[in-house]
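# Close look at the chain arrangement
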Amino acid sequence: MKILIVDDHTVVRDGVRRLVEALDVGEIGEAETPSEALAEFRRLRPDVVVLDINLKNGSGLDVLRRLRADDPKARIVVFSMYSDIVYAASARREGALGYVAKTAPSDELLVAIEMALKGEPYVDSETAALMARHEGRGDGPRDLSRRELQILHMLGEGKSLTEIADGLGVAYKTIANTSTRIKEKLGVERTSDLVRFAIETRGGRMLDR
């Protein structure tokens with residue numbers, strides 16, 4: 001079995017390497033940047049890729065799309081700092097088989113890799129419970145576009161609509177209109193409710209009103 005670890009932190013790559021060595025691994029490749037990830041993927045042709053969703057020089061979701069475009073059968077486990085249904089839903093939509101938060105027990109990453117080898121999906125238990133709760137309430141982020149997901153996350157980080165517009169280099173009206181569409185899709189009426197939802201899904205907890 002060959003595994004490729006894509007993460008921009010050496011200490012994380014070292015930790016994952018030590019963890020996966022418990023499996024029957026023949027070769028472990030490493031990459032730090034999106035370009036390195038694609039080059040190493042093509043060289044190694046790994047059985048499973050463990051991919052960080054946040055990279056210094058690019059988006060892990062963009063890397064996921066590029067790897068899947070290069071090989072539609074690529075088996076990828078996203079390893080994220082967030083126990084977050086928005087990121088998990090995005091990763092699943094882009095074709096990731098697994099999603100494991102870095103806060104999850106290390107055994108869950110091993111399970112996700114083993115499941116990916118079989119071509120089966122896996123989400124860590126905390127994120128899976130969060131997704132099930134929101135899907136049951138009908139307020140999940142499944143129908144949000146990539147830009148809408150991005151804006152939702154920025155709201156959850158405490159940014160105002162003006163700051164989001166400045167950060168994305170677009171007009172305030174564009175962000176305000178997009179915010180309105182997000183509220184319609186999620187069934188909330190006020191921007192404060194939207195912020196509450198964004199924080200809740202990022203933190204994995206219900207907030208007191």
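Numbering of residues starts from 1 in every chain and runs along the sequence as written. Since the coordinates come from a predicted model, pLDDT governs what is reported: local features require at least 70, and pairs of side-chain atoms require 80 or more to be given and counted, while whole-chain, interface and lining totals use all residues. Side-chain measures here rest on the full set of heavy atoms in the structure, leaving out hydrogens and waters.

### What to know about the overall build of the protein
- Per the secondary structure count, the protein includes 10 helices and eight strands.
- Classification of the 209 residues of the protein by burial places 48% in the buried group.
- Residue pairs at least 24 apart in sequence account for 62% of intrachain contacts in the protein once pairs closer than 6 positions are excluded.
- In this description, accessible areas are obtained by the Shrake-Rupley approach with a 1.4 Å probe, and a residue is regarded as covered only by the protein chains that are shown. Summing over all exposed atoms, the protein offers an accessible surface of approximately 10100 Å²; the carbon and sulfur share of this is 48%. Secondary structure counts use DSSP, requiring at least four H or I residues in a row for a helix and at least two E residues in a row for a strand, with both numbered from the N terminus. Burial classification: accessible surface area is computed with a 1.4 Å probe over protein chains only, and a residue below 20% of its type maximum counts as buried, one above 50% as exposed, and the rest as partly exposed. We call two residues in contact whenever any of their non-hydrogen atoms come within 4.5 Å of each other.

### Focus: the pairing of strand S2 (residues 27-31)
- Paired strands, in this sense, are two strands between which DSSP finds at least two bridges. Examined bridge by bridge, strand S1 (residues 2-6) and S2 share five bridges and lie parallel to one another. From the neighbouring strand, lysine 2 faces S2, where its bridge partner is glutamate 27.
- Seen with the strands pointing away from the viewer, any crossover whose path from the first strand over the helix to the second strand runs clockwise is right-handed. In terms of handedness, the path from S1 via helix H1 (residues 10-20) over to S2 forms a crossover that is right-handed.

### Regarding the nonpolar core
- Grouped together as the largest cluster of nonpolar side chains are 43 residues, with contacts concentrated most on Val6, Val49 and Tyr99.
- Of all hydrophobic cores here, the second largest spans 21 residues; its members include Ile3, Val12, Val77 and Leu110. Nonpolar cores are built from buried Ala, Val, Leu, Ile, Met, Phe, Trp, Tyr and Cys residues. Side-chain atoms within 4.5 Å join them into one set.

### Structural notes on the confidence of the model for the protein
- Residue-level confidence of the predictor, termed pLDDT, takes values from 0 up to 100. Averaged over every residue, the pLDDT of the protein is 84; residues scoring 70 or more account for 88%.
- Mean pLDDT values for the elements of the protein range from 68 in helix H10 (residues 191-203) up to 97 in S1.
- Across residues 203-209, where pLDDT falls below 50, the model places 11 contacts with residues more than four positions away in sequence or in other chains.

### Comments concerning the sheet that holds S1
- Spatially, S2-S1-S3-S6-S7-S8 is the arrangement adopted by the six strands of the open sheet, whose pairing is parallel. On the outer flanks of this sheet lie S2 and strand S8 (122-123), each paired with one strand and no other.
- As judged from the two bridges shared by strand S7 (residues 98-101) and S8, these two strands associate in the parallel manner. Bridge pairing in S8 places tyrosine 99 opposite valine 123.
- Those strands touched by H1 are S1, S2, strand S3 (48-52) and strand S6 (76-80), and its axis lies near 165° from that of S2. Angular values range over 0 to 180 degrees, each being the angle between N-to-C directions of two axes fitted as lines to C-alpha atoms, with helices fitted over their stretch in contact.

### Points about the side chain of aspartate 52
- Relative to the assigned elements, aspartate 52 resides in strand S3.
- On the accessibility criterion, aspartate 52 (4% relative accessible area) is buried.
- When sequence neighbours within four positions are dropped, the list of residues in contact with aspartate 52 reads Val6, Asp7, Asp8, Gly60, Phe79 and Lys102.

### A closer look at the pattern of salt bridges
- A carboxyl oxygen of Asp or Glu within 4 Å of a side-chain nitrogen of Lys or Arg is what we treat as a salt bridge. Going through the model one piece at a time under the given rule, you end up with 13 salt bridges.
- The salt bridge partner of glutamate 30 is arginine 13, with a shortest N-O separation of 2.9 Å. Here the residue glutamate 30 occupies a position in strand S2, and arginine 13 occupies one in helix H1, the gap between them amounting to 17 residues.
- On the accessibility criterion, glutamate 30 (28% relative accessible area) is partly exposed.
- Taking the shortest distance from any N to any O, the salt bridge between arginine 181 and glutamate 148 comes out at 3.5 Å. Residue arginine 181 is located in helix H9 (residues 172-186), and its partner glutamate 148 is located in helix H7 (residues 146-156); the two are separated by 33 residues in the primary sequence.
- Among the residues examined, glutamate 148 registers a relative accessible area of 3% and is labelled buried.
- Counted as one network, the salt bridges with shared partners bring together Asp7, Asp52 and Lys102.

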